[in-house]
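Summary of the model geometry
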Amino acid sequence: MLQLLQTQAIKQEGFMVQNGKIFLVMTIVCIILIGIFLYIARIDKRLTQLEKNN
Amino acid sequence: MLRTKWWKVLSFVLLLYTCTYGFLVKIPKLDDRLKESIRNFFFHVPMWFGMMILLFVSLVYAIKYLRTGNLVHDIYAEAYASMGLVFGTLGIITGALWANYQWGSPWVGDPKQNGAAIALLIYFAYFVLRGSLLDVEKRARLSAVYNIFSFFMLFPTLWILPRLTESLHPGGQGSEGNPGLNGKDMSSNMRMVFYPAVIGWTLLGVWISTLRIRIQLVEFKREGIL
């Protein structure tokens, strides 16, 4: 009985595992979003330099 | 406008809000057929709104080119059409994925799915047309005319015909109202994420279009065309 309760407690630990792991999905999507924005911000900066040099 | 920062930062903030609160906002439990996938409203639907806006901007620049003959307008028209197509393609792919789990198969012959495919094919032909013409002025002129035709074809394929027949999409015969803008399709909680999402995704599309435009402008200047 005690062992059963212990395994259940271990399974539900952690922020990411709450709410059907929605926080995990949310974090993954945010990482992808930030990655994409950093990439196009970089392109934007390099373009601005290119335009200035011309 | 092309180089200002504020609307780019706004796009990021709105999308970060969409991608966080979009997963956490409380969704209504009606007949519970959609379950959590109703959250696709913040991703799949803005692709189509974004596409309409971007293709409209492309149309405006196509008409501007025909009126002035200034090649810069053709560069703008092509860039916005290209980004509009990207959004449309993403919309149709995400729609097929959603349909697979909601309607049983990725392509069910739903009128809006078919209409969307036809609309996108018409725009793909715009790029085939452009690719076939080497002279810059001729290409700009012919593709501007085709752009106008393609834009007006969006209306029967996406908005009119799907509402005249029975459709699995909201808005068809047998269901009520205006898909996407209908007050009954979304709770007010969801609308608080939906409208910022549309703006955020559209601004992202505009940003990428402007990058493409700026690259073309630099290239055209280097080649002496402009």
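Residues numbered from 1 in each chain as written. Chains lettered and ligands numbered in written order. Predicted model: local features only at pLDDT ≥ 70, side-chain atom pairs only at ≥ 80, totals over all residues.

Here's the deal with the overall build of chain A
What counts is decided by this rule: Numbering goes from the N terminus for both helices and strands, where a helix is a DSSP run of H or I of at least four residues and a strand is a run of E of at least two. The burial label depends on the number of other C-beta atoms within 10 Å of a residue's C-beta. Counts of 20 or more mean buried, 12 or fewer mean exposed, and intermediate counts mean partly exposed, with C-beta atoms placed from the backbone.
Scanning chain A from N- to C-terminus turns up 2 helices and 0 strands. Expressed as a percentage of its 54 residues, the buried residues of chain A come to 0%.

Describing the overall build of chain B
Under the convention used in this document: Radius of gyration here uses only the C-alpha atoms, and the compact-globule reference equals 2.2 Å multiplied by the residue count raised to the power 0.38. Placing C-beta atoms from the backbone, we regard two residues as in contact once those atoms come within 7 Å.
Counting its regular elements, chain B contains 6 helices and 0 strands. Ordered by position in the sequence, the α and β elements of chain B form the string α-α-α-α-α-α. Its C-alpha atoms give chain B a radius of gyration of 19 Å, within 12% of the compact-globule value 17 Å for 226 residues. Taking the principal axes of the C-alpha coordinates as reference, chain B spans close to 60 × 40 × 25 Å. Residues counted as buried form 37% of the 226 residues belonging to chain B. In chain B, the share of contacts with a sequence separation of at least 24, taken over all contacts with a separation of at least 6, comes to 71%.

Thoughts on the interface of chain B and chain A
Taken residue by residue, the interface counts 14 residues in chain B and 15 residues in chain A. At the level of elements, α1 (6–24) and α6 (188–223) of chain B are the ones that each hand at least two residues to the side of chain B that touches chain A. Ranked by residue count, the leading element in the side of chain B that touches chain A is α6(B), at 7 residues.

Quick word on helix α2 (residues 44–68) of chain B
Threshold: A helix is expected to reach a length of 1.5 Å times the quantity of its residues less one.
With 25 residues, α2(B) should cover 36 Å at 1.5 Å per step; its first-to-last C-alpha distance of 37 Å lies within 8% of that length. One or two steps after α2(B), the chain reaches Gly69(B), where phi turns positive at roughly 75°.

What about unusual backbone geometry?
Residues and elements named next belong to chain B. Of note, Lys-35 is a non-glycine position whose phi angle comes to about 55°, a positive value. Note on placement: Lys-35 falls in the loop between α1 and α2. A count of 11 C-beta atoms within 10 Å places Lys-35 in the exposed class.

A word on the packing of α2(B) against helix α5 (residues 136–164) of chain B
Residues and elements named next belong to chain B. This is how it is decided: An axis is simply a line fitted to the C-alpha atoms; with a helix, the fit covers only the stretch in contact. Between two such axes, the angle follows the N-to-C directions and lies from 0 to 180 degrees. Definitions for this section: a left-handed crossing has its near helix turned counterclockwise from the far helix by less than a right angle. A right-handed crossing has that turn clockwise. Following the grouping adopted for this structure description, the nonpolar residues are Ala, Val, Leu, Ile, Met, Phe, Trp, Tyr, Cys and Pro, the charged ones are Asp, Glu, Lys and Arg, and the polar ones are all others, Gly among them.
Contact pair α2 / α5: the axes reach a minimum separation of 9 Å and the direction vectors enclose 140°. Considering how the two elements wind past one another, α2 and α5 form a crossing that is left-handed. Mapping the contact onto sequence places Leu-55, Ser-58, Leu-59, Ala-62, Ile-63, Tyr-65 and Leu-66 in α2 and Ala-140, Ala-144, Asn-147, Ile-148, Phe-151 and Leu-154 in α5. Its residues placed into classes, the contact of α2 with α5 shows 11 nonpolar, 2 polar and no charged.

Comments concerning the packing of helix α4 (residues 111–132) of chain B against α5(B)
All names here are of chain B. Test applied: Each angle receives one of four descriptions, namely roughly parallel if under 35 degrees, roughly antiparallel if over 145, roughly perpendicular if within 65 to 115, and oblique otherwise.
Between α4 and α5, the least distance of the axes is 9 Å, while the angle of their chain directions is 180°. Between α4 and α5, the crossing angle belongs to the class labelled roughly antiparallel. Counted together, Pro-111, Lys-112, Gly-115, Ala-116, Ile-118, Ala-119, Ile-122, Tyr-123, Tyr-126, Leu-129 and Arg-130 of α4 and Arg-139, Leu-142, Ser-143, Tyr-146, Asn-147, Ser-150, Met-153, Leu-154, Thr-157, Leu-158, Leu-161 and Pro-162 of α5 form the full contact between these two elements. In the contact of α4 with α5, the residues fall into 15 nonpolar, 5 polar and 3 charged.

Regarding the nonpolar core
Generally speaking, soluble globular proteins have nonpolar side chains that are buried together. Worth spelling out the cut-off: Here, a nonpolar core means buried Ala, Val, Leu, Ile, Met, Phe, Trp, Tyr and Cys residues linked by C-beta atoms lying within 7 Å of one another.
Ranked by size, the top nonpolar core spans 52 residues in total, and within it Leu54(B), Leu55(B), Tyr61(B), Ala77(B), Tyr80(B), Ala81(B) and Phe194(B) carry the most contacts. Breaking this core down by element, the ones donating at least two residues are α1, α2, α3 (71–102), α4, α5 and α6 of chain B.

Comments concerning the confidence of the model for chain B
Test applied: One confidence number per residue, pLDDT, is output by the predictor and ranges from 0 to 100.
Averaged over every residue, the pLDDT of chain B is 92; residues scoring 70 or more account for 95%. This complex was scored by the predictor with a pTM of 0.88 and an ipTM of 0.76.

Observations regarding the environment of Ile75(B)
Tracing the backbone shows Ile75(B) in helix α3. Residues Ile75(B) and Thr94(B) lie 19 residues apart in sequence; the distance between their C-alpha atoms is 29 Å.

Considering α6(B)
Since the α-helix turns once every 3.6 residues, residues separated by three or four places project in the same direction. The end-to-end C-alpha separation of α6(B) is 53 Å, in line with the 52 Å expected for 36 residues at 1.5 Å each. Of the residues trailing α6(B), Gly224(B) is marked for its positive phi of about 80°.

Some words on the environment of Leu2(B)
Residue and element names in this part refer to chain B. Assignment of secondary structure puts Leu-2 in the segment before α1. For the pair formed by Leu-2 and Ile-160, sequence separation is 158 residues and the distance between their alpha carbons is 35 Å. When residues no more than four places from it in sequence are discounted, the contact partners of Leu-2 are Thr-210, Ile-213 and Arg-214.

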